[in-house]
Each structure stands twice: as C-alpha cells, then as structure tokens.
Amino acid sequence: MTTKRALTVLAATAAAALTVTATTTSAAAPARAAACGAGYVGLTFDDGPSGTTTKLLDALRQNGLRATMFNQGQYAAANPSLVRAQAAAGMWVANHSYTHPHLTRLSQAQIDSEISRTQQAIANAGGGTPKLFRPPYGETNATVKSVAARYGLTEIIWHVDSQDWNGASTDAIVQSVARLTNGQIILMHDWPANTLAAVPRIAQTLASRGLCAGTISPQTGRAVAP
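Since the model is a prediction, treat every value here as computed from it, not as a measurement.

Engineer: Mind showing me how you'd approach the overall build of the protein chain here?
Structural biologist: When helices and strands are tallied, the protein chain shows eight helices and ten strands. Scored against the burial criterion, the 226 residues of the protein chain give a buried share of 44%. Taking the intrachain contacts of the protein chain between residues at least 6 apart in sequence as the baseline, contacts between residues at least 24 apart amount to 73%. Of the roughly 10,700 Å² of accessible surface on the protein chain, a fraction of 56% belongs to carbon and sulfur atoms.

The structure is reproduced here in structure tokens:
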C-alpha cells in the first residue's frame, strides 16, 4: 500500500469513527430523556453512615441509582471514610442533626449546635458543605427553620414514608416507591436490611414508570434532574 493510499484509508477510518462517536453521543441524551420521561424523584436515606453504608452504596451503584444521604453528624465524625465513600459513589450528602434529638424541644442555642456541628463534621470528612437539612422525625418549627436557614440549609421533609424504620417488608418498601410522582421525595433509612434488599426492585419500579432518581433542589425542595 502506498503512503498516499494509507493516509487516505486512515483519514476515512478516523472520519467514520468520529461519525459513530457523534451519533452515539447525540443519541445518548434523547435516550436518557426518554428514560426519565415521567420525571425525577428523590431517594433519601437517613441516619448514616453506618456499618451497612458500604453495602447500600454498592447496591445503589450497581442499579444505577443516586440518592441523598441525610447523615447524623456524630456518625459522620466517627466514620469520615464512609462519608467520602458516599460522595465518591455520586451521592449527595446532607445534614440530619448531630445526635438525632427532638429539635422542637431544644433551645435555639442547642438547635444551632446540632446543625452547625453536623455541617462541620460532614465538611471535615470530605462530604462537602451540605445544602439540605432534614430535622429528625420530621419535627420542625419557626426556630428550627430559622437556624437551618442561617447555615444556608433548605429544610427537606418527605412526600412518602417507606416505613422501613418501622419494620416494613421489602415488598412494602417497593410498593411505597411505586407511589412516587415527579418531584416527590421518599423517606428511607441507611440501616434496615429490607431496604438494602429492596434496592434492585426500586430501580426496576422507577424504570418501569419512566422515573429517574434525581437530586433535590435547594431552591424548590423537590427532586429534579441531576
């Protein structure tokens, strides 16, 4: 093969490869849009990090899911490597108070301590600075909200409670996910075995309904595209 002919062949091959790459890339976006045609929902897991966090992260990754992890500050401080693992797995790390108290029964100074120490613990562990805050038990009032706002936090409750903290079966957890609609958020927890077992079916349920796991907007408090 002459040098001129070889160069011509190489040029044609490169052009074809570029065409395939461009076609593949342009096709990927519509494919994603179609897969998420019914919108986005927020999967949230409270009370970590814990001894089951690694398995939960593995299950979420294997099933193409991302979630918001509402961590307790005391556990983030004790397990910084797990906070880093959450972030590395593509999860969003958020504030769930330091010791999980009933905040509405505390003084403003005590509420401030619970929230500020958790912000620091998560940041120190490599989880970034949280933008979202979930009060323990979903209990809140004007004081809790004002303290959270002082730290640039948006308060996030939930639309659907999976009841996994109350011994809900894997089937019941999956059924609760099936009730979600665009923008809504579901409460789950880091530690229940039934929640971990439900993850593959949660992914299947969302996919069958054209929903994707999204991030939670600090502006609207609703699930949106990542």
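Engineer: I would appreciate a short explanation of the packing of helix α7 (residues 170-177) against helix α8 (residues 193-208) in the present structure.
Structural biologist: The packing of two helices is summarised by the inter-axis angle and the distance between the axes. At their nearest, the axes of α7 and α8 sit 9 Å apart, and the two run at 35 degrees to each other. The interaxial crossing formed by α7 with α8 has right-handed handedness. Here T170, D171, I173, V174 and V177 of α7 come into contact with α8, specifically with N194, T195, A197, A198, R201, I202, T205 and L206. Partitioned by chemical class, the residues of the contact of α7 with α8 number seven nonpolar, four polar and two charged.

Engineer: Would you mind going over the nonpolar core with me for this structure?
Structural biologist: A general tendency of soluble globular proteins is for nonpolar side chains to be buried together. One finds L43, F45, L60, L65, I202 and L206 to be the most contacted residues of the largest nonpolar core, which totals 27 residues. Of all the elements in the fold, those that place two or more residues in this core are β1 (39-48), α2 (53-62), α7, β7 (185-189), α8 and β8 (211-213). Sorting elements by how many residues they give to this core places α8 first, with five residues. Once residues within four sequence positions are removed from consideration, F45 is found in contact with L56, L60, A67, T68, M69, F70, M188, H189, D190 and T195. Among the nonpolar cores identified, the runner-up in size contains eight residues, and I115, V147, A148 and L153 belong to it.

Engineer: Looking at this structure, I do not really get the pairing of strand β2 (residues 68-71). What am I missing?
Structural biologist: Each regular strand carries side chains that alternate between the two faces of the sheet. The side-chain alternation of β2 yields two buried faces, one formed by T68 and F70 and the other by M69 and N71. In this sheet, β2 lies alongside β1 in parallel orientation, the contact comprising four bridges. Considered in β2, the bridge of F45 is made with M69. In the sheet, β2 pairs with strand β3 (residues 92-95) via four bridges, with the strands oriented parallel. Looking across to β3, one finds that T68 is bridged to W92.

Engineer: Where do I start with α8 in this structure?
Structural biologist: Spacing of three or four residues puts side chains on the same side of an α-helix, whose turn is 3.6 residues. With 16 residues, α8 extends 24 Å between its outermost C-alpha atoms, agreeing within 8% with the 22 Å of an ideal straight helix rising 1.5 Å per residue. Positioned one or two residues after α8, G210 has a phi angle of 70 degrees, which is positive.

Engineer: What is the right way to look at the environment of W92 in this model?
Structural biologist: Examined against the element boundaries, W92 turns out to sit in strand β3. Measuring from C-alpha to C-alpha, the distance between W92 and L132 comes to 9.3 Å, with 40 residues separating the pair along the chain. Ignoring any residue separated from it by four or fewer positions in sequence, one finds W92 in contact with R66, A67, T68, M69, G214, T215 and P226.

Engineer: Looking at this model, I keep getting lost on the environment of D58. Mind explaining?
Structural biologist: Tracing the sequence through the fold places D58 in helix α2. The spatial distance from the C-alpha of D58 to the C-alpha of L196 is 9.9 Å, given a sequence separation of 138 residues. Only 2.7 Å separates the side chain of D58 from the side chain of R61, close enough to count as a polar contact.

Engineer: Can you help me understand the confidence of the model for the protein chain in this one?
Structural biologist: Any segment with low pLDDT has predicted coordinates that should not be analysed in fine detail. On average, residues of the protein chain score 90 in pLDDT, and 85% of them reach the 70 mark or higher. Low pLDDT (under 50) marks residues 6-27, which in the prediction has one contact with non-local residues, meaning those over four places away or in another chain.

Engineer: Sorry, what's going on with the packing of aromatic side chains here?
Structural biologist: The geometry of an aromatic ring pair comes down to the distance between the two centres and the angle between the two planes. By the definition in use, this model includes zero aromatic pairs. The cationic tip of R117 hangs over the ring face of Y98; the distance from NZ or CZ to the ring centre is 4.1 Å.

Engineer: Before we go on, may I ask you to explain the state of the cysteines in this structure?
Structural biologist: A covalent bond bridging the sulfur atoms of two cysteines is what the word disulfide describes. Inspection of the entire model under this criterion finds one disulfide. In this model C36 forms its disulfide with C212; the gap between the sulfur atoms is 2.0 Å. Disulfide C36-C212: torsion about the S-S bond near -80 degrees, hence left-handed. Taken together, the residues C36 in the loop between α1 (3-35) and β1 and C212 in strand β8 connect sequence positions 176 residues apart. Under the relative-accessibility criterion, C36 is labelled buried at 13%.

About the cut-offs
Residues numbered from 1 in each chain as written. Predicted model: local features only at pLDDT ≥ 70, side-chain atom pairs only at ≥ 80, totals over all residues. Heavy atoms only, no water. Helix = DSSP H or I, 4+ residues; strand = E, 2+ residues; numbered from the N terminus. Buried < 20%, exposed > 50% of the residue type's maximum accessible area, 1.4 Å probe, protein only. Contact = heavy atoms within 4.5 Å. Areas by Shrake-Rupley, 256 points an atom, 1.4 Å probe, with all protein chains shown as cover. Axes fitted to C-alpha atoms, helices over the stretch in contact; angles between N-to-C directions. Left-handed = near helix turned anticlockwise from the far one by under 90°. Nonpolar A, V, L, I, M, F, W, Y, C, P; charged D, E, K, R; others polar. Core = buried A, V, L, I, M, F, W, Y, C linked by side-chain atoms within 4.5 Å. Pairing = 2+ DSSP bridges. Expected span 1.5 Å × (residues − 1). Polar contact = N/O pair within 3.5 Å; in protein donor to acceptor, adjacent residues only side chain to side chain. pLDDT = per-residue confidence, 0-100. Phe/Tyr/Trp six-rings, centres within 6.5 Å; stacked < 30°, edge-to-face > 60°. Lys NZ or Arg CZ within 6 Å of the ring centre and 35° of its normal. Disulfide = S-S within 2.5 Å.

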